[in-house]
Amino acid sequence: MGIIQEFREFAIKGNMIDMAVGIIIGGAFGTIVTSLVNDIIMPPIGLLLGGVDFSDIKIPLKAAEAGSEPVSMNIGLFINNMISFLIVAFAVFMLVKAVNELRKRFEKQQEAAPAAPTATEALLAEIRDELRKKNA
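Since we're looking at a predicted model, the values are computed, not measured.

A. How the structure looks around the overall build of the chain. Looking only at helices and strands, one finds four helices and two strands in the chain. When the helices and strands of the chain are listed from N to C terminus, the series reads α-α-β-β-α-α. Against the compact-globule benchmark of 14 Å for 136 residues, the chain has a radius of gyration of 31 Å, which places it well outside the compact range. Counting only C-alpha atoms, the chain reaches 110 × 55 × 20 Å along its principal axes. Each of the 136 residues in the chain was classed as buried or not, and the buried ones make up 6%. Side chains of the chain give 13 positive and 15 negative charges; the mean places of these two sets differ by 10 Å.

B. Layout of the UniProt feature "transmembrane region" (unreviewed entry) in the chain. Here, the residues flagged by UniProt with the feature "transmembrane region" (unreviewed entry) are residues 20–41 and 75–96. Taken as a whole, residues 20–41 contains 100% helix and 0% strand, while its terminal C-alpha atoms sit 30 Å from one another. Note that residues 75–96 is 100% helix and 0% strand, and that its end C-alpha atoms are spaced 31 Å apart.

C. Geometry of the environment of Gly2. One can find Gly2 in the segment before α1 (3–12). Counting along the chain gives 131 residues from Gly2 to Lys133, while the straight-line C-alpha distance between them is 65 Å.

D. Region of interest: the confidence of the model for the chain. Model confidence for the chain is summarised by a mean pLDDT of 84, while 98% of its residues fall at 70 or above. Mean pLDDT across the secondary structure elements of the chain bottoms out at α1, with 79, and peaks at strand β2 (residues 71–73), with 92.

About the thresholds
Residues numbered from 1 in each chain as written. Predicted model: local features only at pLDDT ≥ 70, side-chain atom pairs only at ≥ 80, totals over all residues. Heavy atoms only, no water. Helix = DSSP H or I, 4+ residues; strand = E, 2+ residues; numbered from the N terminus. Rg over C-alpha atoms; globule rule 2.2 N^0.38 Å. Buried < 20%, exposed > 50% of the residue type's maximum accessible area, 1.4 Å probe, protein only. Lys, Arg positive; Asp, Glu negative; His and termini not counted. Charge placed at Lys NZ, Arg CZ, Asp CG, Glu CD. UniProt positions renumbered as here; feature names shortened; annotations may be inferred. pLDDT = per-residue confidence, 0-100.

Next comes the structure, spelled out in structure tokens:
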């Protein structure tokens, strides 16, 4: 089998397509969460803390010199990213929880509904019933 044929089979598999869709949706979801944190959640928190903008919180390590930028640890950006991560993690947790619940319900429905007898089982039941009629 040629390498192109192998690649075609690999690329067309359902799991590969599902993964690609998940990555695209995840990227879009990430931008929404970033906007939620930066534009909706952090301004009221900063206002409650006396007008602090978290993205401006920095620890300077080296002052700016001629021809070089100042060096600092951006603690505020880290806090924003941590809040973004917690929101995404919680959303993914809720999604997985919902999918697991649906899966449990589906499995219960599968267990509750008895499978229809096969053709062989139906034939054997007819033979049993006929034998009972003859012996009665």
